[in-house]
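The residues making up each chain are set out below.
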Amino acid sequence: MTNALSSTALRLSVSTWSLHRTLGSADRYGPEHGLHIPAHTTGSDALPLLELPRRLAEFGIHTLEICYFHLPSLEREYLAELRAALEEAQVELFSLLIDNGDITHPVHAERDTAWISSWIDIAGLLGAKRARVIAGKAEPTMENIQTSVRTLRHFAERAEASNVRLMTENWYELLSRPEVVHTVFEQLEGHIGLCFDFGNWSGPTKYEDLAAIARYAESCHTKAHFDAGGVMDTADYLRCLDITRAAGFSGPYTLIYDGPSADEWAGLASEREIVTRYLH
């Protein structure tokens, strides 16, 4: 594993999920469609993805994560054009977020594994530093955990061949508890990193559980909770951010806005105001 694959730097980032309304609320399709992109629901006033790098740079952020379903085309020419737009705006594509597929599915695991593998290849073509995949949606039985580990190891090898590092996330049923996260990461011996999303877990042991896995984090999905009136739960946000600082986190803080206001840039700005304090 090279330093280029594992390097991180403390900085702000944005996911296209935070701008899904701005980008036109594209369909989130799955492996059953193969690599055929269904008709998008984008409006005529939607911001084209090719224009996002420039707009993000104007916003003052130079790191981006792209959800797979926001790519309007998988043609090599388009992927090269998007990569050029990122380079021209001096925006790093940190990760391609592969937000679907279940490698632990009792029937479709083989199909979904092949589909995810294709997206890892696309991450390489785009010049992404990382590709984030789901470790599994099934219950964390011993059999399912071992299936996940084997498949994640395969993904990691495929990713490294394209100079991409693999990540997974504390998301869905398989990685819903810290003890399972430990088991998976210990068996994979550093070949993958964690996309640490503190908006995914809840309950009375939330902060204790998050603190238990924070040491694996190579990126942080920094999601604030907003009530129906648009008021941020600042206390929760700060407490989660304090966990990353205590763990010595050094990767990008990716702002995740999913609040009620349609003004996504304003929502991101309110999160940025707080997260900026943790960049030192």
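Read on for a plain summary of the structure. Nothing here was measured: the structure is a model prediction, and the numbers come from that model. Every chain is numbered independently, its residues counted from 1 as its sequence is written. At least 70 in pLDDT is required for a residue's local features to be given in this predicted model, at least 80 for side-chain atom pairs to be given and counted, and no such filter applies to totals for whole chains, interfaces and linings, which use all residues. The basis for every side-chain value is the complete set of heavy atoms in the structure, and neither hydrogens nor water enter the calculation.

### Some points on the layout of surface pockets
- In this analysis, the protein atoms alone were mapped onto a 1 Å grid. Cavities are point sets where a 1.4 Å probe fits without being able to get out; pockets are open sets with protein on both sides within 12 Å along at least five of seven lines; lining residues have an atom within 4 Å of a point. Grid points are joined across faces, edges and corners, and a volume is the space filled by probe spheres set on the points. Considered as a void within the structure, the largest pocket measures approximately 250 Å³ in volume.
- Residues were grouped as follows: Ala, Val, Leu, Ile, Met, Phe, Trp, Tyr, Cys and Pro as nonpolar; Asp, Glu, Lys and Arg as charged; and all remaining residues, including Gly, as polar. Taken together, the residues of the lining of the largest pocket break down into six nonpolar, three polar and six charged.

### Structural notes on helix α9 (residues 264-275)
- Under the DSSP-based scheme used, a helix requires at least four consecutive residues in state H or I and a strand at least two consecutive residues in state E, with every element numbered from the N terminus. By this rule the span expected of a helix is its residue count minus one, scaled by 1.5 Å. Between the first and last C-alpha of α9 there are 16 Å, a value that for twelve residues agrees with the 16 Å anticipated at 1.5 Å per step.
- Any residue under 20% of the maximum accessible area for its type is buried, any over 50% is exposed, and the rest in between are partly exposed; the area is computed with a 1.4 Å probe on protein chains only. Within the span of α9, buried status applies to E264, W265, G267, L268, E271, I274 and V275.
- The contact criterion used throughout is that any non-hydrogen atoms of two residues lie within 4.5 Å. At its buried positions, α9 is contacted by β1 (11-15), α2 (52-59), β7 (217-223), α8 (234-246) and β8 (252-256).

### Some thoughts on the pattern of salt bridges
- One side-chain nitrogen of Lys or Arg within 4 Å of one carboxyl oxygen of Asp or Glu is enough to make a salt bridge. Applying the stated criterion across every chain, the model contains 15 salt bridges.
- For the salt bridge of E92 with R11, the shortest nitrogen-to-oxygen distance reads 2.6 Å. Taken together, the residues span a long stretch of sequence, with E92 in strand β3 (residues 92-97) and R11 in strand β1 at a distance of 81 residues.
- Put simply, R132 and D99 hold a salt bridge, and the shortest N to O gap is 2.7 Å. Taken together, the residues span a long stretch of sequence, with R132 in strand β4 (residues 130-133) and D99 in the loop between β3 and α4 (109-126) at a distance of 33 residues.

### Some remarks on the sheet that holds strand β5 (residues 165-169)
- Each pair of strands is called paired provided DSSP finds at least two bridges between the two strands. Read once around its circumference, the closed barrel built from eight strands follows the order β1-β2-β3-β4-β5-β6-β7-β8, with strand pairing classed as parallel. Each adjacent strand pair in this sheet contributes to an overall mean axis angle of 25°, direction not counted.
- Looking at chain direction, strand β6 (residues 193-197) and β7 are connected through four bridges and run parallel. The residue bridging L194 from the neighbouring strand is A217, located in β7.
- Most of the contacts of helix α5 (residues 142-161) go to β5, to which it runs at about 145°, and overall it touches β4 and β5. Helix axes use the C-alpha atoms of the stretch in contact, all axes being lines fitted to C-alpha atoms, and the angles between their N-to-C directions lie in the range 0 to 180 degrees.

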